[in-house]
Protein chains: 2
Amino acid sequence: MSLTGLRDAVAAILRPDQIITDRARLRTYECDGLAHYRVVPGIVLLPRTAEECAAVVRACAGHAVPFVARGSGTGLSGGALPHAEGALIVTSQLRAIREVAPEDERAVLEPGVINLQVSQASIPHGYFYAPDPSSQQICSIGGNVAENSGGAHCLKYGFTANHVTGVQIVTPDGDLVNLGGRAPDAPGYDLLGAFVGSEGTLGIATEVTVRLVRLPETVRTLLAAFTGTDEAGAATSAIIAAGVVPAAVEMMDALAIEAAEAAVHCGYPAGAGAVLIVELDGPAAEVDAQFAAVVDFCRGHGAFEIRIAADDAERALFWKGRKSAFAAVGRISPDYIVQDGVIPRTALPQVLTRIGELAREHGVRVANVFHAGDGNLHPLVLFDEAQAGQAERAEAVSGAILDLCVEHGGSITGEHGVGMDKAKHLPRMYSEADLDTMQLLRCAFDPRGLANPGKVFPTPRLCGEVPGRHRGPNPWHERGMEVF
Amino acid sequence: MSLTGLRDAVAAILRPDQIITDRARLRTYECDGLAHYRVVPGIVLLPRTAEECAAVVRACAGHAVPFVARGSGTGLSGGALPHAEGALIVTSQLRAIREVAPEDERAVLEPGVINLQVSQASIPHGYFYAPDPSSQQICSIGGNVAENSGGAHCLKYGFTANHVTGVQIVTPDGDLVNLGGRAPDAPGYDLLGAFVGSEGTLGIATEVTVRLVRLPETVRTLLAAFTGTDEAGAATSAIIAAGVVPAAVEMMDALAIEAAEAAVHCGYPAGAGAVLIVELDGPAAEVDAQFAAVVDFCRGHGAFEIRIAADDAERALFWKGRKSAFAAVGRISPDYIVQDGVIPRTALPQVLTRIGELAREHGVRVANVFHAGDGNLHPLVLFDEAQAGQAERAEAVSGAILDLCVEHGGSITGEHGVGMDKAKHLPRMYSEADLDTMQLLRCAFDPRGLANPGKVFPTPRLCGEVPGRHRGPNPWHERGMEVF
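Keep in mind the model is a prediction, meaning the values are calculated, not measured. (Residues numbered from 1 in each chain as written. Chains lettered and ligands numbered in written order. Predicted model: local features only at pLDDT ≥ 70, side-chain atom pairs only at ≥ 80, totals over all residues. Heavy atoms only, no water.)

## Focus on the environment of Ile20(B)
Residues and elements named next belong to chain B.
In step 1: By secondary structure assignment, the location of Ile20 is in strand 1 (residues 19-20).
In step 2: For Ile20 and Gly42, which are 22 residues apart along the polypeptide, the C-alpha to C-alpha distance reads 9.2 Å.
In step 3: Residues contacting Ile20, with those up to four places away along its chain left out, are Arg25, Leu26, Tyr29, Ile43, Val44 and Leu46. (Helix = DSSP H or I, 4+ residues; strand = E, 2+ residues; numbered from the N terminus. Contact = heavy atoms within 4.5 Å.)

So, in structure tokens, the structure goes:
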């Protein structure tokens, strides 16, 4: 491993302003959205084309330097945490929208394009890009692909994986390769599906082809106030059980509402122990019929106040409280952990009750803001780092919540990814044989473990443990392309 | 490679009635739905449990005997064509529906379960299983997973890959491993997506967890008659462009109609140069509104007769013509090739015109019966093997149609798979580097190329070419599990 050698090599590929080696500037890249892990990268590289990106990765491979890809750095699981002896390859300069083709329902994007820009470019044609992480004003499409990002409207529309039809990637050896394409389905192995959500461990996306979705004819949104989360959870189950598929069903509990009120004065109904935001979209005839049913289900399960957005401004106000909730929690607590787990919708009341008990047992507060419709919880565990023992207790509650999710047949992450943060938890969901099967793919693509090492998988054993030993059957080498 | 050794080994695993070695009985397995390739298998094995299946594969690995999995044998690309020196592992005895869980919208199935049985078991609970190949009365779920099967209603509901959330598989080394699970999304690599559609080259599914879909409140179906396929194609484009997503849009041309009339007397409108079957399903309010729009689009694009199904019996009659069309072609031609390709919907008129020209140039007839809504063509190239040169000319037209699909940015297969039949065509769609990337996965799972060799990929070079040389980093071996 030679950072010096890499530095010389990239000087022949990039202009000086695309290479950062100054310690003070390197420090600005020391973490992503999960700020409690910090590592200053060895070098930061900012390629501006796919070819430059490939050349940079080839240089890393040639000097056996580990590399980490970073988009906008908004990830919440530390997936873009740098490597101290490695290169951080930032894709933000690859930011062209190459094509918007409404007649094919496709857009072709460079990875640094901001999520919201895709919809902004498509709306004039009557289309939008469906996956909408809360960070959509700043997060990048490349990062969305790496993390298989979700969002409030993924209940109806699905995750990033459901909206990407093709990618061009740089492999860990520095080759440019296409996975998938423009067609909805392609023969051969669906490596595209495996790449989406691989969190930078199989290579770096340099071009992303996404599906555009028709703008719905109508959108209708309501805010329903309940005395507690049990009632709101039961209303959610009733809506889904009736076969209605809302675009979004979001829940906030009393503590989350308190935080949002303090931060953005969203004016939610006073005295609510929980609120639901339910949004329906689609053909007007369908939405109108189903909206009436949703109102009935909410009332039938104890909603004491239901507000229906009269216009876009009121709709935006309902969402403002929800979308600001994570940041708002900072108003009521000096520190907090954003947890991310999934449970079957039907287990919502039990699991929320148990989270409340866990909080009381450990003497910390937990605010719940989450995608109720698909059982994707986001408990915010509040604590004060300054008080001895609180961080540890918060960490314990946060871990116990994941156990709870797995116990109920759910998952340790819904949309934030595994990254650095949850690699240790992966064995809670998978047997050793299951994890070994995933390692087969990792070792095939990246036998030396240079692509985002230390992320996703709990222990970088096997091919990663003894660098260079497990070269394996790599067709690129068969073709006479030497890497190092 | 030792078939004798394998025979002795499986005698310790299976009962005598689960092992077929008699030449006459072996012959009944010599082909699948693509009957023009025939190979008598070396041995046929019929495991009854996942553990038996794993033990059988382990025995194959131990004796270096190639193996091919087979479900019901209805595949149309020769994916289940046996290996003369290998084992054919038939999964039809693994036929239990393990669980139907409407509250979780899941069913857990053994691979030999028949596609239609899943809906039959779910309908009493208000659910159905959406992917519906034409062979759904006989094809198996395991085969559907291998081929990522589609069907008429995949326009709205998606392919098999969109409905499988987890599989248990036997790896080519004979280990039982889980990919995915019950949750809609899972952390780590999405190997499930790569497994679905891998056509038996990565292992054998021994349990499949599928998503169940709510039965729609309403289904409405119409049959529209046009003077030609141009008009019917334009109507299809107009419907989709308006943002309507029908459950199905199926087209038949004059020759296909003639064949269907001869076979099942479906009574389609006289003088039609093309018919469309359009089916809408969903909430009644939505369906009623959109159905009126569909009728208008058909009339606006020249439909001279539109019949609306008054009840289930009439609806069944509309579908009878379509569903019998492939077999019906046997009434008007002694031999025919069923082609399967995809084009962007917008290219339908151009491509159909060109197919007509190709047919005339080569002096053969082509009947078109296809999923117009998603551009998935099924040209039936008619010929008479008894007449010198006809088979070759039919083959030439069939190949030219694939070129046409690729030229228009489409795919060489929509839902029938690559199998034996189209392996040679794969380089029309993928560069050498793209194919090599797929080989990375194949070599990681199956370095000796024992799982369904000769299928999907054009030339079994690289790790498969020199058996045993490219062992590569296989974690199972790291764990001390010796295979041979």
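## Focus on the sheet that holds strand 8 (residues 164-170) of chain B
Residue and element names in this part refer to chain B.
In step 1: Overall, antiparallel pairing links the 5 strands, which are arranged 5-6-10-8-9 in an open sheet. Each end of this open sheet is capped by a strand with a single partner; those strands are strand 5 (97-101) and strand 9 (176-180). Each adjacent strand pair in this sheet contributes to an overall mean axis angle of 10°, direction not counted.
In step 2: Those strands touched by helix 3 (residues 50-62) are strand 8, strand 9 and strand 10 (204-211), and its axis lies near 50° from that of strand 8. (Pairing = 2+ DSSP bridges. Axes fitted to C-alpha atoms, helices over the stretch in contact; angles between N-to-C directions.)

## As for the sheet that holds strand 2 (residues 43-45) of chain B
Residue and element names in this part refer to chain B.
In step 1: Spatial ordering of the open sheet is given by 1-2-4-3, a layout of 4 strands whose pairing is mixed. Each edge of the open sheet is held by one strand with a lone partner, namely strand 1 and strand 3 (67-70).
In step 2: With 4 bridges joining them, strand 3 and strand 4 (residues 87-90) adopt parallel strand pairing. Bridging across to strand 4, Ala69 finds its partner in Ile89.
In step 3: Contacts from helix 1 (residues 3-11) reach strand 1, strand 2 and strand 4, with the element oriented near 25° to strand 2.
In step 4: Contacts from helix 3 reach strand 2, strand 3 and strand 4 within the one sheet, and its direction differs from that of strand 4 by about 170°.

## Here we look at the relation of the copies chain A and chain B
In step 1: Laying chain A over chain B is done by rotating through 180° and shifting 0.0 Å along the axis; what remains is an RMSD of 0.0 Å. Accordingly, the operation relating the two chain copies is best matched by a two-fold axis.
In step 2: Comparing contact sets, 100% of the residues at the interface of chain A also lie at the interface in chain B, consistent with an isologous, same-surface contact. (Least-squares fit on C-alpha atoms with pLDDT ≥ 70 in both.)

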